[in-house]
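Examination of the molecular architecture
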Amino acid sequence: MKRLTLLLGGLHVAYGLPQMSMPSSTAVSSSSAASSSGATPTGCKQLSSDSTWPSPAVWTSALPGVAAPDFGVGAHPNYHIMATDVKTVQAAVNFAAKYDIRLTVLNSGHDFLGRNDAPSGLSLDISMLGGIRVLSSFSPSASGAQSPDPSAEVNTITPLSGQQAAVTFGAGISTMDLNDAVDNSALFTMGAATVDAVRTAGGWGQMAGHGPLTSKYGLGVDQVLEYKVVTADGNLMVANNITNTDLFWALRGGGGGTFGVIVEATVKAYPTPNISEGYWDAAAYLHSQFPTINAKGVQGYYFVYPDAMKGIFLTAGSDSGQSNAAAIWDPILQKMASYPGMNQSSVSIAYHEFTSYKEFSDTVLADGNDMCTGAQSQKRSLARRDGMDEVAVPLGIAPMDSCLLGQSHLHDSSLAQALKSAMPQVPEGQLRGHLIAGGKVLTPEDDTSVNHAWRKAYVHLIGTGIGNFTVASLRTLAPDSGAYANEVVTSGINADHYTVISGRVCKTTPSNSTTAPASDNKNYATQAETNTDTLSAFPGTIPTANDTCPSDSDGDEPLPGQDTTIPPGVLIEPSLDLAEPPTTPGAKLTKIRYGPYSIPANGMLENKVQFNIALPCRGCYIVALQAGLEYANGSEANIDSGAWLHHMVLALNGLGKSDTVCGELVPQRSYASRNERAVARANVVAGYGHRVDVPDSVGMVYDLMNMSEQDQVYYITVAKSQPLPSPTPPSPLS
C-alpha cells in the first residue's frame, strides 16, 4: 500500500471537525483552551472573540468580496468568500494559515454529514470555478492539462478508436453540466445520481464516488486522470501519475478537502451507451441475486420500506435491451411471487430504453423529473448579479448509518434477519440500497487510497429516517467490511489529532479510540427537501398502492398520520415590512398593488392571466418577494373574512429568459405564492436574485376565491426588495 510522504502543514479544512494536514505533537488540555486575556490559546484556531482576530478592514483588504454568510439558523463560519479563480482560493488558504483561522470548503453544499459547514472561521466557496475542455486523449505531464476557459464555448471532438477520451473542468462543474457538455462529442462521464446537485470533482470524486453505472465503469476515484490542487502552503500543484504521485494517490480516496482544495480535474470520458431500466416492488430475496445479475451488467438503486421495496436498475451498452432485461428479471420476479404473502400482483416491472446517457440523465436523474423530487428547482432559477449561477449553501446534517456488503454477506443465511433488524424503526425509516459496486469496482486499473472494502463490495446499504437508529446488525453480518466515508464518517483523516475545547478546534494528543470524533457542526436538516438525492430521497416516502408521490391531489392536505408540527430550529422568514430597512444593503422595499378584482359571493377567478403588469424596477435584481391580498382601504383580506389567495405566479419576459421549471425559453416563472404568503428571500451575501433587464416585462397568473356571502373586491399586493445594479456590499461581521 502506498503512503503519503508529502507533509502538508497549515491547511485547516473544516468538514465538521477539520480534515487536517499532518499534525504536530502539541497537546492542549481543556483548561488551556479558555483564555481570560482574550488571546488565542496555543495550538488552537482563532475565534472572533479573541483579541488577535483580524479586523473587518483586514478581512476585506486581503479577500475582496468577503462577507458574512447567510446560511440560515445555526452556528456557521464568520465569513464567506466565493472564488471565481484560483488566485482567490490561494488567497483564502494563505489568509487562514496566516491568522490561524479555521477554513471550510464549500462546493455543491451537498453533504449529508455537514462536513462543509463549521461554527466559526472562513467558508471558501469554489462552486463558481468553471470551464470545460474535451480531450480526444490524455497524457500526464508535470505542467498539467491545459485549463479550460470558463467564458469559452465547450469544444467538440470525435472520439478516436482505441484512445481514452477525457475532459478537463473546473471544480464547480456539476455532473449534469459536464455530461450536457460532452454529449455533443457522443461521450459521457461518471458522476453522482444527483446530477444537478453534486459536483464531480468535490467530495464525491475524492472519497469514492458511486453513480448509476459505476459497476460497469468503476468508482469516481477510478475515473480521475489529474487534479490541480491548492495545498496548505498556498501553492497550486499538479497531481497525476507522473508528478506528485503520492498526493495523487491520496486525493483519490482521502476525502474532500483533506489534502488541499481541488480547483480543476481531468477525468475519463466514455462513448455514450444505450441504457435500460426497470421498476418493481420486491422482497429481500433480491439481495442474494445481486452478485449474479451484477455480473450480467445490472446496477442501480433501490429502497426497502417496512412493507414494500422499489428500485431503479440499469443495464448499459451490450447488456441493455428489453430481451436481456426480461431474461434476467422474469425468473427472479416469479421466484419472489412464490414467497408467503406474495403473488404475481405483488411484483411489477416496467422497462424503458434510452438512446444515450444524456437522455437517461435528463429523464430520470435531472432534478424535478421523477422520484418525488424537485427541491432544488427554485434554487437553480436564481441568477447571480454578476451573471453567474447561484451560490451553494450547506444543506444540513441528515441521520445515516451504512455498511458495504460483499458476495459472502449477500449469500449469508442470516441476511434476512440482519435486514429486518437493520430497518430503522423511526418515522420515515427506510433502508436505501445502492447496487453500484461489483463489476469494474472490484478490478480497478490503478491503485488509489479509497477504502479497500469497496474492492470486495456489491451493495452499499444505508439506514435513514428521522431520529436515532443503527444498522449494527449489518456490521455484525459483515465484520470484515466497511462503509462509505462520504455518508457515515463525521470527520476525516487526522481529525483524531484535534478536539473541540470551549468552542474552538485545538491540536491534541491522538487517542487510540476506534470511534470517529464527533462533529462540532450541529446544523441538522429540518425537512426532507433540504437534503435530497434524485434516486435516493432522504428521508424517503412510504409508497402507496398506486401513488409514487403520496399526497392528496394538490398537496394542500397532510397525509394520514403525518406530523404537521414545525420542527425545532426551522427558520420562519419575517414578513417584508415597508417600515423596516431591507436585509440586503443598498436595497429598497417597494409594494405594488394589482387589481381591482371583483368576485361574486362564493365565487372564484380561476387561472386568470394578466400581461405587462407593473415592475418595481428595471436594470435591477429582485432579491425578496412576498404576496398579499387586501381590500380597497388597504386592510388585509384573509380567510377570516372569506378571502383566499389560492395562488399567484409571476413570470418575466425578456431576451435570454428561460423558464425556471422546465428550462424552456420565455416566459421565466420567477415567483409563486399561495395563501400562506411566505417570503421568498434570496441569499443576501452571495448577491443573487431575479434579474430584471430594462426591456423586460412581467405577467401574472392568479386564482382568487371569495368564500363569503357578499360580493368582494380584492387587490393582490407584491412587496419586493431590490438592490441597485452595483449594490453596496454587506458589512462583514467583526
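Each remark here, short or long, concerns the structure printed above.
Structure report, in brief. (Residues numbered from 1 in each chain as written. Predicted model: local features only at pLDDT ≥ 70, side-chain atom pairs only at ≥ 80, totals over all residues. Heavy atoms only, no water.)

**Let's talk about the overall build of the chain**
Each helix and strand in the chain was counted, giving 14 helices and 31 strands. In the chain, buried positions account for 55% of the 734 residues. At a minimum sequence separation of 6, the contacts of the chain that also span at least 24 residues come to 76%. (Helix = DSSP H or I, 4+ residues; strand = E, 2+ residues; numbered from the N terminus. Buried < 20%, exposed > 50% of the residue type's maximum accessible area, 1.4 Å probe, protein only. Contact = heavy atoms within 4.5 Å.)

**Some words on the state of the cysteines**
Across all of its chains, the model carries one disulfide by this definition. Across the disulfide, Cys44 is cross-linked to Cys506 (sulfur-sulfur distance 2.0 Å). Between Cys44 and Cys506 the sulfur-sulfur dihedral comes to about 105 degrees; the bridge is accordingly right-handed. Note that Cys44 is positioned in the loop between β2 (17-20) and α1 (56-62) and Cys506 in strand β21 (residues 504-507), a separation of 462 residues in sequence. Each of the two residues, Cys44 as well as Cys506, counts as buried. (Disulfide = S-S within 2.5 Å.)

**Section: the sheet that holds strand β27 (residues 668-673)**
Adjacent strands of a sheet pair through backbone hydrogen bonds, lying either parallel or antiparallel. Taken together, four strands build an open sheet; the order of strands is β23-β30-β26-β27 and the sheet is antiparallel. Whereas interior strands pair on both sides, the edge strands pair on one side only; in this sheet they are β23 (603-613) and β27. Taken pair by pair, the neighbouring strands of this sheet meet at an average axis angle of 15 degrees, ignoring direction. As paired strands, strand β26 (residues 643-653) and strand β30 (residues 697-706) are joined by 10 bridges and run antiparallel to one another. Paired with Ala643 across the strands is Asn706, a residue of β30. (Pairing = 2+ DSSP bridges. Axes fitted to C-alpha atoms, helices over the stretch in contact; angles between N-to-C directions.)

**Points about the environment of Ala142**
If you trace the backbone, Ala142 turns up in the loop between β6 (132-135) and β7 (165-170). We classify Ala142 as exposed; its relative accessible area is 56%. On a C-alpha basis, the gap between Ala142 and Ile242 in space is 7.0 Å, while along the polypeptide they are 100 residues apart. When sequence neighbours within four positions are dropped, the list of residues in contact with Ala142 reads Val238, Ile242 and Thr243.

**Focus: the environment of Ile81**
Note that Ile81 resides in strand β3 (residues 79-82). Separated by 11 residues in sequence, Ile81 and Ala92 have C-alpha atoms that sit 7.9 Å apart. Aside from chain neighbours lying at most four places away, what touches Ile81 is Leu63, Pro64, Gly65, Val66, Thr88, Ala92, Leu122, Ser123, Leu124 and Asp125.

**Regarding unusual backbone geometry**
At the junction of Gly595 and Pro596, the peptide bond is cis and its omega measures out at 5 degrees in the coordinates. Not every positive phi belongs to a glycine, and Asn602 is a case in point at roughly 55 degrees. Within the secondary structure, Asn602 sits in the loop between β22 (587-599) and β23.

**Things to note about the pattern of salt bridges**
This structure, assessed with the given rule, holds 16 salt bridges. Arg504 is the partner of Asp50 in a salt bridge, and the nearest nitrogen-oxygen pair spans 2.9 Å. Of this pair, Asp50 sits in the loop between β2 and α1 while Arg504 sits in strand β21, and the two are 454 residues apart along the sequence. The salt bridge partner of Glu676 is Arg674, with a shortest N-O separation of 3.8 Å. Overlapping salt bridges bring together Lys268, Lys440 and Glu445 as one network. (Salt bridge = Lys/Arg side-chain N within 4 Å of Asp/Glu carboxyl O.)

**Section: the packing of aromatic side chains**
Enumeration according to the criterion identifies 17 aromatic pairs in this entry. Ring centres 6.1 Å apart and planes at 45 degrees place the aromatic pair Phe188 and Tyr270 in the tilted group. Separated by 82 residues along the polypeptide, Phe188 in strand β8 (residues 187-188) and Tyr270 in strand β11 (residues 261-271) bring together distant segments of the chain. The pair Phe188 / Tyr270 is uniform in exposure class, with both members buried. Clustering of aromatic rings is evident, with ring pairs tying together Phe188, Tyr217, Tyr270, Phe354, Tyr357 and Phe360. Directly above the ring of Phe248 sits Arg252, whose terminal nitrogen or CZ lies 3.7 Å from the centroid. (Phe/Tyr/Trp six-rings, centres within 6.5 Å; stacked < 30°, edge-to-face > 60°. Lys NZ or Arg CZ within 6 Å of the ring centre and 35° of its normal.)

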